[in-house]
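The chain contents come next:
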Amino acid sequence: MRALKIIFWALWRIWFYILMTIPILVMFPFLVLSILTENGYPYFFKMARIWAKFILFGMGFHYKIDRTQAMEYQKSYMIVANHTSMADIMLMLVLTRNPFVFVGKKELSKIPLFGFFYKRTCILVDRNSSKSKMEVFNRAQKRINQGLSICIFPEGGVPCDESVLLDAFKDGAFRLAIEHQIPIVPITFGDNKKRFPYAFWGGSPGFMRVKIHSHVETFGKTGADRKQIREEVREIIYEQLVAFDSK
């Protein structure tokens, strides 16, 4: 039985990368055209959403979204969520029509074909470089000024210890949100770690529960409020994870 599971997981991972590649190849000319200028990003985002839905459907993932508060179209937000899976990227893309830019780790830019577009459309961060972190902040500011939203996984990466339910949050997302006075949208992914973990041997098709929480406003807030807002958002996501696990 164990041997069959290993074969399934290996083939399933290969299938995942095939699914990632097919829509990119089909839409390649249009994707390239959309990244030639920054003004083309909303068109790229629409195609990215098609790409994400294609992968989720092909992997046998069915998502259920519970929205406490909807996002207004063409309004900038700071979107934050727990991070446990490669599928977080795809699931995040299908949640809103508001074009947003990911802040993500530069290692993903090494994935063939996917990485070509990833490094040209996302804001990449080298967590070992303080200079890189400052560049990320400046690029995110520019994108917000263009009317786009920003998506950051504030844990700063997937916790190495898989028993950690939710790691400590870093300040970047909250500093940006306060500086630009944009609402923070906390999102909880309930099943992504179980469905498609970063560990190679694991996962299965099935439901992915998503909770989009009420927005946390930053209007009138200052840097002195950053820690309080950061912990408030973390507590919202943490309590929902506990609730998901209890069901």
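Since this is a predicted model, take the numbers as computed values, not measurements.

**Q** Honestly, the sheet that holds strand β5 (residues 149-152) in this entry has me stumped. Any pointers?
**A** One open sheet holds the seven strands; their spatial order is β1-β7-β6-β2-β5-β3-β4, and the pairing between them is mixed. Both edges of this open sheet fall to β1 (61-67) and β4 (123-125), since each of them pairs with a single strand only. Averaged over neighbouring strand pairs, the angle between their axes works out to 20° when direction is ignored. Pairing between strand β6 (residues 184-189) and strand β7 (residues 206-212): three bridges, direction antiparallel. Residue pairing across strands places threonine 188 opposite lysine 211, the latter belonging to β7. The sheet contacts of helix α3 (residues 87-94) involve β1, β2 (78-81), β3 (100-105), β5, β6 and β7, and relative to β3 the element is tilted by about 170°.

**Q** When you look at the confidence of the model for the protein chain in this model, what are you seeing that I'm missing?
**A** Overall, the predicted model of the protein chain reaches an average pLDDT of 90, with 97% of residues at or above 70. By mean pLDDT, helix α5 (residues 130-145) is the weakest element of the protein chain at 80, and β6 is the strongest at 98.

**Q** What am I meant to see in the nonpolar core here?
**A** Generally speaking, a soluble globular protein has its nonpolar side chains buried in company with each other. Residues Trp51, Met78, Met92 and Ile187 are the most contacted members of the largest nonpolar core, which totals 77 residues. Here this core gets nine residues from one element, more than from any other, and that element is helix α2 (residues 41-58). Other than its neighbours up to four places away in sequence, methionine 92 contacts Ile79, Ala81, Phe100, Phe102, Cys151, Phe153, Ile187 and Phe189.

**Q** Would you take a moment to explain a nonpolar patch on the surface for this structure?
**A** A contiguous nonpolar surface patch, about 1000 Å² in accessible area, is contributed by Met1, Leu4, Ile7, Leu11, Ile14, Trp15, Ile18, Ile22, Val26 and Phe54. The greatest single-element share of the nonpolar patch, amounting to eight residues, is contributed by helix α1 (residues 2-34). Inspection of the secondary structure puts isoleucine 7 in helix α1.

**Q** I tried to follow the packing of aromatic side chains on my own but got confused; where do I start?
**A** Pairs of aromatic rings are described using the distance from one ring centre to the other and the angle between the two planes. Per the stated rule, a full pass over the model turns up 18 aromatic pairs. Seen in terms of ring centroids, tryptophan 12 and phenylalanine 61 are 5.7 Å apart; in terms of plane orientation they differ by 75°. Their pairing is edge-to-face. In this pair, tryptophan 12 sits in helix α1 while phenylalanine 61 sits in strand β1, placing the two residues 49 residues apart along the sequence. In this structure, tryptophan 12 and phenylalanine 61 share a single accessibility class: buried. Pairwise contacts between aromatic rings join Phe28, Tyr41, Phe44, Phe45, Phe100, Phe102, Phe116, Phe117 and Phe153 into one cluster. One cation-aromatic arrangement involves arginine 97 over tyrosine 73; the distance from NZ or CZ to the ring centre is 4.5 Å. In this arrangement the basic side chain of arginine 143 is found over the ring face of tyrosine 41, its NZ or CZ atom lying 5.1 Å from the centre.

Cut-offs used in this document
Residues numbered from 1 in each chain as written. Predicted model: local features only at pLDDT ≥ 70, side-chain atom pairs only at ≥ 80, totals over all residues. Heavy atoms only, no water. Pairing = 2+ DSSP bridges. Helix = DSSP H or I, 4+ residues; strand = E, 2+ residues; numbered from the N terminus. Axes fitted to C-alpha atoms, helices over the stretch in contact; angles between N-to-C directions. Contact = heavy atoms within 4.5 Å. pLDDT = per-residue confidence, 0-100. Core = buried A, V, L, I, M, F, W, Y, C linked by side-chain atoms within 4.5 Å. Buried < 20%, exposed > 50% of the residue type's maximum accessible area, 1.4 Å probe, protein only. Patch = residues over 30% accessible without salt bridge, like charges linked within 9 Å, V, L, I, M, F, W, Y side chains within 5 Å. Areas by Shrake-Rupley, 256 points an atom, 1.4 Å probe, with all protein chains shown as cover. Salt bridge = Lys/Arg side-chain N within 4 Å of Asp/Glu carboxyl O. Phe/Tyr/Trp six-rings, centres within 6.5 Å; stacked < 30°, edge-to-face > 60°. Lys NZ or Arg CZ within 6 Å of the ring centre and 35° of its normal.

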